[in-house]
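Spelled out, the chains give:
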Protein chains: 2
Amino acid sequence: MQTLRVYLEPDEMPTHWYNVVSDLKNPPSPPLGPDGNPVPPEKMLAIFPMPLLEQEMSAERWIAIPEEVRQIYALWRPSPLCRALRLEEALGTPAKIFYKYEGVSPAGSHKPNSAVPQAYFNKVAGTKRLTTETGAGQWGSSIAFAGQMFGLPVRVYMVKVSYEQKPFRRSMMQTWGAEVFASPTNLTQAGRDALAKDPNSEGSLGIAISEAVEEAASQAGTCYTLGSVLNHVLLHQTVIGLEAKKQFEKIGLYPDSIFGPCGGGSSFGGIAFPFLADKAAGDKRAENLDCVAVEPSSCPTLTKGAYAYDFGDASGYTPLMKMYTLGHDFMPPGIHAGGLRYHGDSPLVSQLLHEKLIRAAAVPQVATFEAGVQFARSEGIIPAPESCHGIRAAIDEALRCKKTGEAKVILVNLTGHGHFDMASYDKYLAGKLEDYDYPSAAIADSLKHLPKVAA
Amino acid sequence: MQTLRVYLEPDEMPTHWYNVVSDLKNPPSPPLGPDGNPVPPEKMLAIFPMPLLEQEMSAERWIAIPEEVRQIYALWRPSPLCRALRLEEALGTPAKIFYKYEGVSPAGSHKPNSAVPQAYFNKVAGTKRLTTETGAGQWGSSIAFAGQMFGLPVRVYMVKVSYEQKPFRRSMMQTWGAEVFASPTNLTQAGRDALAKDPNSEGSLGIAISEAVEEAASQAGTCYTLGSVLNHVLLHQTVIGLEAKKQFEKIGLYPDSIFGPCGGGSSFGGIAFPFLADKAAGDKRAENLDCVAVEPSSCPTLTKGAYAYDFGDASGYTPLMKMYTLGHDFMPPGIHAGGLRYHGDSPLVSQLLHEKLIRAAAVPQVATFEAGVQFARSEGIIPAPESCHGIRAAIDEALRCKKTGEAKVILVNLTGHGHFDMASYDKYLAGKLEDYDYPSAAIADSLKHLPKVAA
């Protein structure tokens, strides 16, 4: 069995990110303000620096990756493209399964791919300090690392219950020099309001977002950062797929299907978009390419949600975005893949799905851990719970190929390692993990509360 | 700033391990039984398979790495050799600092380098099951992974207090399919004796070793595995230094000094021995090579211990080995680098030190975390507490170079990531970590209890 692990030489590394907007048949629907009109860029400038705002609204096909960003990427990139030969053998499939492993980054996930350019472009635009919110801490730790690389102080509003129960990623953020506060805090009006309402509040992502945005909007020199959903975040993540394309070129293969876990959309978009560029360009190899965004069946935004304008956050503070949504007040069950517990999805991923250029699939929780354990026992790497969703779908496709005898080439985005998530594996192995029923009543209910402009 | 990260092509990968015994001026002192006579190989065969025993006693210079082992190594090897440019800049040193990063393995440390061949050679020798002991779980998780790769069941006796307080590496072992028991257990006489003495025993590494060895010795087809100290373990770890040598060749450099953390000796030996081979061969580049084994000043085996025959374990069950030792009943303070809390050291590392071919240095705990945080903030990677010892010494050497203006090439073995050790960083950042006084009285006391044969 010849283990296959493909790297790139420094001169083969991507020099530009790929902007999928340039290949869309229809222009993206703009974010709307509470008045139903597109949000004026000036307003966005209160929380984002000009270079990132330009990327957010750009339709340019290629956007240069600055040398300074490429040098930080080079601390762990290229991430390896590996063939999962032992998994193929365990499955008895004729399919060839490849995984792109993003867990080699300092934070252990794909998130730094966008955190680094966000910190860089803020730095060059003169931003003095960054704010963000974080739940379990994947994004918070990534921006803490990235801010440190460019000498930018980072303040993280961490949902209080995670701050107290999941101290390890908080320690990571602090090790990288970030200030971390348990949200709600007394530092912002949003936080004080929440505490006035409930002095024992355990916090929520909605409150934490409000705190981070409020601080950025109200303080000169402070900007806000976000780890997924937005166009510029997905743009940065295309470094994953661009590397994978060159790695496949080196071994003379091309994927037939691509699977990525999908919560806010950054890891799926990151691996899939660059291959969709080939499809848009009429590349024969990509003609029948099947790109699948894989979500939890307990939070089935793409497979059961409405394609409509909705708030980006639970509390209704953000602009309205056109996307697949379960309704902004939909509360998903507490599954362990925290990174996939989002009521909405990236507007770009949503539009591609709506235009049938990609597919979506939903997988139940227990089956994702089953896939994660099978992957760990054959390939060694223990995947993050989010990553297990993509692996589940890839294994299912490989098993389908076993039946049909197809030797398809399958690519999956292995977005991170599970070393911070062993408590979830523990629960799974003890048989204490449950699947949640499809929350149809809750979804139907929250979809009733879509903001009016969506109609 | 041009980030430098060196890999190897598949055809550049080491095909043989380097056996430092072949270059020793004096043959290694043999392990002795309780009667003071060398332990007969037949006795060792009760717990080790023939191929590993042959390696343990071999004086061959090169020992082939089987193709099957190289294929598993290839799941994460070559590990990157990186230049720490940002750390150099932060220190303002003219020295060139390189680190060899072993945290990319599935278990997050260098331990699988020996776990994989141990599992392989057991498999080919017909072993049906492996046992081992583990404290915090670095070795236990590595052998769990390796056993799974070759279809060998693994049973781990995990010190009870760690089993209960550090559940994450236990979950890793179980994810890789190993059975993990909180030691002392009712499964062995040693365990039952310990429980009879104290039904609430929290366990100890000594008891856990006894349990694992007893099971291996008493059951046909069961063998015991160990993660450090022994000759064959250090042999396997030389893959680190052999890769590093080829990586340095590719960039036309050669190290002036090499730093490795040193507990049982496997990570230090792994990186240093292959360079010592050049020194032994009269290679001009290695003439003044300075290899430094770095240990905690609270457990100063190499710097304050006696060079004498002593038991490998606290309880006196193992053969006697000639090594630097603090006395087998020396109980080091509870420092956070659990992998370095060992009263003895590898006989090979000990002999090299005794023959003045290497040096040893001891560093205090708080300073190691200070170095770890400085490394994380400049290079991104958060090092394991064990690794912080090597980094501390490397930084000290770089600061010395700053004073003298020497542009020395420094190599440090970054043996693992600290993602399982954030609680220790948390304590450090909160100012709650302490240095321990040099435990001179305790050492003097335990050295009195060296077994008689040592005299």
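Calculation notes
- Residues numbered from 1 in each chain as written.
- Chains lettered and ligands numbered in written order.
- Predicted model: local features only at pLDDT ≥ 70, side-chain atom pairs only at ≥ 80, totals over all residues.
- Heavy atoms only, no water.
- Helix = DSSP H or I, 4+ residues; strand = E, 2+ residues; numbered from the N terminus.
- Rg over C-alpha atoms; globule rule 2.2 N^0.38 Å.
- Areas by Shrake-Rupley, 256 points an atom, 1.4 Å probe, with all protein chains shown as cover.
- Lys, Arg positive; Asp, Glu negative; His and termini not counted.
- Charge placed at Lys NZ, Arg CZ, Asp CG, Glu CD.
- Buried < 20%, exposed > 50% of the residue type's maximum accessible area, 1.4 Å probe, protein only.
- Pairing = 2+ DSSP bridges.
- Contact = heavy atoms within 4.5 Å.
- Buried area = accessible area lost by both parts, 1.4 Å probe.
- Salt bridge = Lys/Arg side-chain N within 4 Å of Asp/Glu carboxyl O.
- Polar contact = N/O pair within 3.5 Å; in protein donor to acceptor, adjacent residues only side chain to side chain.
- Nonpolar A, V, L, I, M, F, W, Y, C, P; charged D, E, K, R; others polar.
- Axes fitted to C-alpha atoms, helices over the stretch in contact; angles between N-to-C directions.
- Patch = residues over 30% accessible without salt bridge, like charges linked within 9 Å, V, L, I, M, F, W, Y side chains within 5 Å.
- Least-squares fit on C-alpha atoms with pLDDT ≥ 70 in both.

Q: Quick question: what am I supposed to make of the overall build of chain A here?
A: The helix and strand inventory of chain A stands at 18 helices and 15 strands. Against the 2.2 N^0.38 benchmark of 23 Å for 455 residues, chain A shows a C-alpha radius of gyration of 21 Å, consistent with a compact globule. Taking the principal axes of its C-alpha atoms as reference, chain A extends roughly 60 × 50 × 45 Å. A total of about 16,100 Å² of accessible surface is found on chain A, and carbon and sulfur atoms cover 52% of it. Taking the average location of the 42 positive side-chain charges in chain A and that of its 48 negative ones, the two points are 3 Å from each other.

Q: Any chance you could explain the pairing of strand β7 (residues 154-159) of chain A here in plain terms?
A: Consecutive side chains along a regular strand alternate between the two faces of the sheet. All names here are of chain A. Of all the 6 residues making up β7, 6 are buried; the element is thus mostly covered by neighbouring parts of the structure. Across the two faces of β7 the burial is the same, with Val154, Val156 and Met158 and Arg155, Tyr157 and Val159 all buried. Bridge analysis of strand β6 (residues 129-134) against β7 gives 5 bridges, and the strand direction is parallel. Its bridge partner lying in β7, threonine 134 is registered against methionine 158.

Q: Sorry if this is basic, but what is going on with the pairing of strand β15 (residues 409-414) of chain A here?
A: Residues and elements named next belong to chain A. Of all 6 residues making up β15, 6 are buried, and the element is well covered by its neighbours. Across the two faces of β15 the burial is the same, with Val409, Leu411 and Asn413 and Ile410, Val412 and Leu414 all buried. Sheet topology note: the strand β5 (residues 96-101)/β15 ladder contains 6 bridges and is parallel. Looking at the pairing, tyrosine 101 lines up with leucine 414 of β15.

Q: Got a minute to help me understand the interface of chain A and chain B in this structure?
A: Interface size is commonly expressed as the accessible surface area that is lost when the partners come together. Of the residues lining the interface, 45 residues belong to chain A; the matching set on chain B comes to 45 residues. If you sort the residues of chain A by the area they bury against chain B, Thr175, Arg377 and His419 of chain A come out on top, with a joint share of 18%. Applying the counting rule to chain A against chain B returns 2 salt bridges. Here arginine 170 of chain B makes a salt bridge to aspartate 426 of chain A, at a shortest N to O gap of 3.0 Å. The interface formed by chain A and chain B contains 25 residue pairs in polar contact (both at pLDDT 80 or more). Those elements that place two or more of their residues in the side of chain A that touches chain B are α3 (67-73), α6 (138-149), α8 (167-175), α15 (365-379) and α17 (422-429) of chain A. Tallying contributions element by element places α8 of chain A first for the side of chain A that touches chain B, with 6 residues. Within the side of chain A that touches chain B, the residues separate by chemical class into 23 nonpolar, 13 polar and 9 charged.

Q: Can you walk me through the sheet that holds β6 of chain A in this structure?
A: Strand pairing in a sheet relies on backbone hydrogen bonds. The paired strands run either parallel or antiparallel. Residue and element names in this part refer to chain A. The strand order β8-β7-β6-β9 describes an open sheet built from 4 strands, whose pairing is parallel. The open sheet has two free edges, formed respectively by β8 (179-183) and β9 (222-224), since each of these has just one partner strand. Averaged over all pairs of adjacent strands, the angle between strand axes in this sheet comes to 25°, irrespective of strand direction. Relative to β9, β6 runs parallel, the two sharing 3 bridges. When the sheet's bridge partners are listed, leucine 130 is paired in β9 with cysteine 223. On top of the sheet, α6 reaches β6 and β7; it is set at about 165° to β6, its chief contact.

Q: I would appreciate a short explanation of a negative patch on the surface in the present structure.
A: A cluster of acidic residues, Glu9 and Asp11 of chain A together with Glu9 and Asp11 of chain B, forms a negative patch on the protein surface. Tracing the chain through its elements places glutamate 9 of chain A in the loop between β1 (5-6) and β2 (16-18). Classification of glutamate 9 of chain A as partly exposed rests on a relative accessible area of 37%.

Q: Just to check I follow, could you spell out the environment of proline 106 of chain A for this structure?
A: For proline 106 of chain A, the location among the structural elements is in the loop between β5 and α5 (112-124). Judged by its relative accessible area of 5%, proline 106 of chain A is buried. Taking C-alpha positions, proline 106 of chain A is 23 Å from arginine 83 of chain A, a pair spaced 23 residues apart along the chain. What proline 106 of chain A contacts, discounting residues up to four positions off in sequence, is Trp76, Phe145, Met172 and Trp176 of chain A together with Gly380, Ile381 and His419 of chain B.

Q: Before we go on, may I ask you to explain the sheet that holds strand β1 (residues 5-6) of chain B in this structure?
A: Residues and elements named next belong to chain B. Spatial strand order, β1-β4-β5-β15-β10-β11-β14: 7 strands in an open sheet with mixed pairing. For this open sheet the edge positions go to β1 and β14 (359-363), each flanked by a neighbour on one side alone. Pairing of β1 with strand β4 (residues 81-83), which is carried by 2 bridges, proceeds in the antiparallel orientation. Bridge pairing links arginine 5 to cysteine 82 in β4. Here helix α16 (residues 385-404) sits on the sheet in contact with β5 (96-101), β10 (257-261), β11 (290-296), β14 and β15 (409-414), set at roughly 155° to β10.

Q: I would appreciate a short explanation of the relation of the copies chain A and chain B in the present structure.
A: Put simply, the two copies of the chain differ by a rotation about an axis and a shift along that axis. For the pair chain A and chain B, the best superposition has an RMSD of 0.0 Å and corresponds to a rotation of 180° with a translation of 0.0 Å parallel to the axis. Accordingly, the operation relating the two chain copies is best matched by a two-fold axis. Take the interface residues of chain A: 100% of them recur as interface residues in chain B, which is what a same-surface contact looks like.

Q: Mind showing me how you'd approach unusual backbone geometry here?
A: Trans peptide bonds make up the majority, and among non-glycine residues the majority have a negative phi. Residue and element names in this part refer to chain A. In the segment running from arginine 77 into proline 78, the intervening peptide bond is cis, with an omega of 0°. Residue placement: proline 78 occurs in the loop between α3 and β4 (81-83). Between serine 183 and proline 184 the backbone carries a cis peptide bond, its omega angle lying at 10°. Take proline 184: it is sitting in the loop between β8 and α9 (189-197).

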